[in-house]
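# An overview of the molecular structure
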Amino acid sequence: MSEPQPCDCVPASRELLIFEKGGAGRKGYSLPGLDVEKAQPEKLWPAGFLRKEVEGFPEMSEVEVIRHFTRLSQWNYGVDSGFYPLGSCTMKYNPKINEDAARLPGFASAHPYLPAGLSQGALQMMFELERHLAAVSGMDGVTLQPSAGAQGELTGMLMIRAYLADRGNPRRKVLVPDTAHGTNPASSSLCGYQVVQVKSNERGVLSPENIAAKMDEDVAALMVTNPNTLGLFEEHICRIIDIVHGKGGQVYCDGANLNALLGLTRIGDMGIDVLHFNLHKTFSTPHGGGGPGAGPVGVKSHLLDYLPVPVIQQEGENYRFDYDRPKSIGKIRSFYGNFAVMVRAFAYILSLGAEGLKRASLVALLNANYIRARLKGFYHLPYDFPCMHECVFSDKLQNAYGVTALDIAKRLMDYGFHPPTIYFPLVVHGALMIEPTESEPKEMLGQFIEVMIQISREAQSNPKLVREAPHQTKVSRLDEVLANRKPRLRWKP
Amino acid sequence: MRYIPNAEKDWESMLSVVGLRRLEDLAAILPKDLRLTRPLDLPSPLSEMELLERLRSLSEKGKEGKKWVSFLGAGAYNHFIPAVVDHLLRRSEFYTAYTPYQPEISQGTLQAIFEFQTLICQLTGMDVANASVYDGASAVAEAVLMAQRLKSRKRFLISRLLHPESQRVTQTYTHPLGFALEPIAYGGDGATDLQALEKALGADVAAVVLQQPNFFGCLEDVEKAAAMAHSRGALLIVATQEPLALALLQAPGLLGADIAVGEGQSFGNGLNFGGPYVGFFAAKEAYLRAMPGRLVGETVDRDGRRGFVLAVATREQHIRREKATSNICTNQALCALASLVYMTTFGKQGLRELAEMNLSKAEYAKKRLGPVGSFRLSGPTFNEFVLTLKGDPDSILSSLLEEGLIGGLALKKFYPELSREILICVTERNSREEIDRLAVAIGQRSET
């Protein structure tokens with residue numbers, strides 16, 4: 001008997017690109033009939049300005065479009081799929097009502113240049129959200145304009161620069177801890193500052209001595225993350241702020257980890273001058289596969305004049321945009337920011353209130369400490385102190401069997417979990433940074449812990465199984481070296 | 001506390017594992033003098049029903065339940081979005097995921113970005129496009145920063161007809177680095193004055209920045225500008241705020257642009273009072289390593305199957321830190337997905353048909369409005385144009401509101417010298433009857 005011929009159809013496990021699908025003449029759209037005379041671009045425009053067609057664009061029917069993207073979505077893993085303990089990213093649940101709220105026609109169809117009378121609701125929402133963020137953080141004023149945390153950093157550092165320049169000298173350096181997110185040094189350097197790295201101490205936090213040693217009259221600011229990326233509260237923060245202020249510098253706080261602090265303490269009360277919020281982390285707006293987020297910035301009163309324009313002003317019952325701000329750093333993005341993201345965060349704050357936000361932080365702390373306590377011994381804990389909202393292990397014990405953090409991450413996928421953040425913070429070799437958030441029931445945490453323990457045993461008994469993971473996903477481990485050596489960044493026929 | 005599963009009963013056993021008794025004891029990690037002893041000053045929590053009502057009333061405030069007819073464009077365009085777009089965006093495997101750091105379980109996002117990058121290349125006539133940036137304005141700012149890296153020059157010639165928001169954002173981004181941004185005037189045809197450009201060009205110019213179509217809706221001679229810039233060793237950056245025009249207009253990359261950027265809102269993203277939108281960013285192959293932002297590349301897995309991963313990341317902040325090409329750390333993935341689905345749904349034919357419809361309606365509007373105003377800035381346009389009114393724009397526009405008409409944007413907001421001019425945008429959403437109404441209403445309010 002002869003072997004059956006292999007089928008040349010595309011298996012269900014693959015999805016062709018849109019450029020490889022559909023066919024000439026297929027339509028996925030419908031348009032109303034033209035109710036005016038048809039214009040001829042070739043008569044209206046100079047000949048050299050025209051193109052015949054957009055070469056390569058697909059032609060697909062509606063059902064093909066839906067099936068294509070539905071299938072792609074099934075190859076993703078989101079918070080709604082399961083546990084997503086990606087450290088520093090706060091992958092908490094995204095409430096569904098907030099999606100509906102953002103799509104209310106009055107918000108979703110509002111043009112950014114609507115006359116003032118027609119945009120009062122939008123302005124009021126923004127004004128109140130600013131107030132709420134100020135209340136949560138203890139800052140005096142807030143701008144909602146930055147599109148993301150990194151743009152918030154840029155906004156904050158530009159304000160610090162403008163403030164110092166007004167006092168005669170913008171200065172040249174910015175202190176950045178070795179535990180900082182990569183955006184901190186990148187944003188500082190975009191502001192024209194030279195970055196000076198500060199080492200954290202054996203307890204994983206900044207020491208006043210290290211700051212004092214680097215602090216001088218040429219340092220514009222310290223950028224600190226609190227709690228830091230090891231999930232530890234910067235316990236000397238007040239003394240550190242005093243040292244920086246003592247030499248005329250400003251203190252910027254990266255608010256990426258604010259989910260640890262809601263209702264428990266306020267960044268502003270510590271003496272911090274500038275803070276950015278990540279609405280997509282702390283305030284539950286969806287991460288969208290990598291944006292859109294929003295990165296509002298809060299400042300103390302001495303920096304209010306430098307906020308980006310426009311600033312929302314309340315006048316009696318009305319709200320208006322104020323562009324007449326001579327000391328403002330200007331605009332950081334078009335219009336007023338990621339408005340639809342703000343609506344979601346606003347809805348979240350109104351749903352939880354003060355008590356709910358505090359509960360969220362306390363439960364996030366409990367969940368992280370629970371994981372830390374139960375995995376201790378199975379994984380190396382480089383900084384063995386009570387943590388805040390996330391805990392950082394390393395792959396040191398598994399290295400003995402040739403298993404790395406990357407392998408552990410890939411093996412977790414086989415068990416249905418999204419891996420934690422790996423190889424960050426940089427101060428921990430082979431870091432596994434776990435942030436459970438408040439969104440997980442105890443049983444889910446328990447299953448994750450059991451699986452992590454199981455993987456630690458597999459690393460010992462069958463390291464090859466772990467090193468070759470994942471085994472259950474749509475694709476196996478991908479060749480990233482090839483993708484960088486010979487970049488193929490677009491489809492070509 | 002419907003979003004927080006663990007209840008009091010669950011805490012007990014968990015707390016005992018960590019050696020604590022009460023949930024509040026966790027706050028003891030914080031230094032005592034920093035602990036907050038009073039509740040945050042926030043409104044009482046709302047139920048889902050109350051919340052929706054509160055937001056609904058806010059969203060409708062001041063609109064009196066009227067059906068408003070809008071002719072506002074000016075960088076944010078009122079296009080119809082096919083139902084498929086939002087249905088796919090609501091797939092929560094897309095919107096509740098994050099950055100595709102783990103490619104084996106992120107092929108959906110990764111393949112979508114790869115497709116988006118390809119469409120942007122095709123649309124702009126460029127070799128490489130990134131996964132998107134925040135918006136059209138920051139795309140321009142990033143392009144200017146990139147040109148400085150490539151040319152090691154700090155002088156830029158910026159058309160005054162680049163979207164004013166993009167001009168301001170670029171100013172903000174480049175101010176601390178000491179760039180010189182010089183405005184290039186516009187001429188009577190509503191396009192950038194290329195003679196003024198020629199005069200301003202010198203061997204110290206890093207790049208020229210034009211918008212196509214420009215802020216007045218008029219078309220620029222990209223090819224001529226590219227030749228001028230290149231003759232002095234400068235790059236040409238072309239920004240497009242209304243990419244639908246590129247369904248009919250020659251791709252900037254084929255006319256000599258070195259970097260093509262723009263705003264993708266028009267393609268499948270709602271107006272949303274200004275955001276989130278999505279900036280697209282494309283360039284010639286040679287400039288790949290200087291590009292900002294995330295890139296997705298094709299590769300293979302261990303079994304030789306095609307797959308996609310984040311690629312060429314050695315430019316980015318998480319690796320290069322202060323030496324990165326940009327501080328951007330995400331893209332606008334979901335907005336880019338909306339644009340991708342929109343472009344795929346309309347496809348090659350549909351996008352062209354839609355663009356022709358926009359052009360036709362705008363031309364009709366020009367015909368109808370001719371008698372009630374004039375076209376002082378008279379070059380060829382796409383779906384928006386400048387009308388010089390017989391009277392004060394502010395009072396005419398606010399009086400039009402009484403008839404439910406949002407007539408356009410008074411240009412003196414950005415161009416003080418244009419005291420009687422308004423910018424009118426006409427898309428497929430504006431019917432002939434609405435255009436007629438606008439013409440009649442403006443006519444009734446014009447000084448004779």
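All values reported here derive from a predicted model rather than from experimental measurement.

### Details of the overall build of chain B
Along the backbone of chain B there are 13 helices and 15 strands. Burial status across chain B gives 58% buried among its 448 residues. The contacts of chain B with a sequence gap of at least 6 include a subset with a gap of at least 24, amounting to 73%.

### Overview of the overall build of chain A
Within chain A, the regular secondary structure consists of 16 helices and 12 strands. The C-alpha radius of gyration of chain A comes to 26 Å, within 12% of the 23 Å expected for a compact globule of 493 residues. By the burial criterion, 58% of the 493 residues in chain A qualify as buried. Partitioning the contacts of chain A with sequence separation of at least 6, the portion at a separation of at least 24 is 72%.

### Details of helix H5 (residues 107–124) of chain B
Residues and elements named next belong to chain B. Its 18 residues place the ends of H5 26 Å apart at the C-alpha level, agreeing with the 26 Å of an ideal helix rising 1.5 Å per residue. Of all 18 residues making up H5, 18 are buried, and the element is well covered by its neighbours. Two residues or fewer after H5 comes Gly 125, characterised by a positive phi angle close to 70 degrees.

### Remarks on the interface of chain B and chain A
Reports often express the size of an interface as the amount of accessible area lost when the parts come together. The interface is formed by 159 residues belonging to chain B together with 171 residues belonging to chain A. The element best represented in the side of chain B that touches chain A is helix H11 (residues 333–369) of chain B, accounting for 23 residues. Split by residue class, the side of chain B that touches chain A holds 81 nonpolar, 46 polar and 32 charged.

### A few points about the nonpolar core
Among the nonpolar cores identified, the biggest contains 307 residues, and Met342(A), Ala207(B), Val208(B), Val209(B) and Ile237(B) are the most heavily contacted of them. No other element matches the 24 residues that helix H11 (residues 339–375) of chain A contributes to this core. Aside from chain neighbours lying at most four places away, what touches Ile237(B) is Ala143(B), Val144(B), Ala147(B), Ala207(B), Val208(B), Val209(B), Asp258(B), Ile259(B) and Val261(B).

### A word on the packing of helix H2 (residues 62–74) of chain A against H5(B)
A pair of packed helices is captured by two measures, namely the crossing angle of their axes and the spacing between those axes. Contact pair H2(A) / H5(B): the axes reach a minimum separation of 6 Å and the direction vectors enclose 135 degrees. Judged on the interaxial angle alone, H5(B) and H2(A) are oblique. Where H2(A) approaches H5(B), its residues Leu72(A), Ser73(A) and Gln74(A) are matched on the opposing element by Gly108(B), Gln111(B) and Ala112(B). Here the contact of H2(A) with H5(B) is composed, by residue class, of 2 nonpolar, 4 polar and no charged.

### Considerations on the sheet that holds strand E11 (residues 373–374) of chain B
All names here are of chain B. Taken in spatial order, the 4 strands make up an open sheet running E11-E12-E15-E14, and their pairing is antiparallel. In the strand order of this sheet, the two ends are held by E11 and strand E14 (409–410), each with one partner. Relative to strand E12 (residues 384–389), H11 is tilted by about 10 degrees, and along the sheet it contacts E11, E12 and strand E15 (421–425).

### Examining the environment of Glu443(A)
Among the structural elements, Glu443(A) can be located in helix H14 (residues 442–461). When the C-alpha atoms of Glu443(A) and Cys387(A) are compared, they prove to be 21 Å apart, with 56 residues separating the residues in sequence.

### Quick look at H11(A)
Residue and element names in this part refer to chain A. Over its 37 residues, H11 extends only 41 Å from the first C-alpha to the last, a length that falls short of the 54 Å expected when each residue adds 1.5 Å. At Gly 353, H11 is deflected by roughly 95 degrees, the largest bend along its length. Here H11 lies mainly inside the structure; 33 of its 37 residues are buried. Directly after H11, the chain includes Gly 377, whose backbone phi takes a positive value near 100 degrees.

### Overview of the domain arrangement of chain B
Residue and element names in this part refer to chain B. Domain parsing of chain B yields domain 1 (69–81 + 349–444) and domain 2 (83–342). Taken over C-alpha atoms, the centre of domain 1 sits 27 Å from the centre of domain 2. Across the boundary between the two partners, domain 1 contributes 25 residues, which contact 28 residues of domain 2. Secondary structure elements with two or more residues in the side of domain 1 that touches domain 2: H11 and E12. Top element by residues in the side of domain 1 that touches domain 2 is H11. It accounts for 7 residues. In terms of residue class, the side of domain 1 that touches domain 2 is built from 14 nonpolar, 8 polar and 3 charged.

### Side note on the domain arrangement of chain A
Here the domain parsing of chain A yields domain 1 (18–74), domain 2 (97–351) and domain 3 (355–480). Of note, the centres of domain 1 of chain A and domain 3 of chain A, computed from C-alpha atoms alone, are 46 Å apart.

### Looking at the pairing of strand E8 (residues 279–283) of chain B
All names here are of chain B. Burial within E8 is extensive, with 5 of its 5 residues counted as buried. Side-chain alternation along E8 places Gly 279, Phe 281 and Ala 283 on one buried face and Phe 280 and Ala 282 on a second face that is also buried. Pairing between strand E2 (residues 128–129) and E8: 2 bridges, direction antiparallel. Along E8, the bridge assignment pairs Ala 129 with Ala 282.

### A word on the environment of Pro326(A)
Residue and element names in this part refer to chain A. Locating Pro 326 in the fold gives a position in the loop between strand E9 (318–322) and H11. C-beta crowding within 10 Å serves as the criterion here: with 5 such atoms nearby, Pro 326 is assigned to the exposed category. Expressed as a C-alpha distance, the spacing of Pro 326 and Val 309, which sit 17 residues apart in the sequence, is 9.6 Å.

### Thoughts on the packing of H11(B) against helix H13 (residues 432–444) of chain B
All names here are of chain B. At a closest axis distance of 9 Å, the pairing of H11 and H13 adopts a crossing angle of 25 degrees. It follows from the interaxial angle that H11 and H13 lie roughly parallel. The handedness of the crossing between H11 and H13 is right-handed. From H11, Lys 361, Tyr 364, Ala 365, Arg 368 and Leu 369 reach across to H13, where they touch Arg 432, Ile 435, Asp 436, Ala 439 and Ile 442.

### Quick look at the environment of Asn369(A)
The residue Asn369(A) is located in helix H11 in this model. Using a count of 25 C-beta atoms within 10 Å as the deciding quantity, one classes Asn369(A) as buried. Setting aside its immediate chain neighbours within four residues, Asn369(A) contacts Pro386(A), Cys387(A) and Val18(B).

### A closer look at unusual backbone geometry
The peptide bond linking Asn226(A) to Pro227(A) adopts the cis configuration, its omega dihedral lying at -5 degrees. Along the chain, Pro227(A) falls in the loop between strand E4 (219–225) and helix H9 (237–246). The omega torsion of the bond from Val309(A) to Pro310(A) falls at -5 degrees, within 30 degrees of zero and hence cis. Positionally, Pro310(A) belongs in the loop between strand E7 (297–299) and strand E8 (311–315). In the Ramachandran plot, Arg171(A) falls in the positive-phi region, its phi being about 70 degrees despite a non-glycine side chain. Structurally, Arg171(A) is set in the loop between helix H6 (149–166) and strand E2 (173–177). You will see that Val312(B), though not glycine, has its phi angle at about 50 degrees, which is positive. Mapped onto the elements of the fold, Val312(B) is located in the loop between strand E10 (306–310) and helix H10 (317–320). Among the residues examined, Val312(B) registers 19 C-beta atoms within 10 Å and is labelled partly exposed.

Criteria and cut-off values
Residues numbered from 1 in each chain as written. Chains lettered and ligands numbered in written order. Predicted model: local features only at pLDDT ≥ 70, side-chain atom pairs only at ≥ 80, totals over all residues. Helix = DSSP H or I, 4+ residues; strand = E, 2+ residues; numbered from the N terminus. Buried ≥ 20, exposed ≤ 12 C-beta atoms within 10 Å, placed from the backbone. Contact = placed C-beta atoms within 7 Å. Rg over C-alpha atoms; globule rule 2.2 N^0.38 Å. Expected span 1.5 Å × (residues − 1). Nonpolar A, V, L, I, M, F, W, Y, C, P; charged D, E, K, R; others polar. Core = buried A, V, L, I, M, F, W, Y, C linked by C-beta atoms within 7 Å. Axes fitted to C-alpha atoms, helices over the stretch in contact; angles between N-to-C directions. Parallel < 35°, antiparallel > 145°, perpendicular 65-115°, else oblique. Pairing = 2+ DSSP bridges. Bend = angle between axes of the 7 residues up to and from the residue. Domains from an automatic or database assignment. Left-handed = near helix turned anticlockwise from the far one by under 90°.

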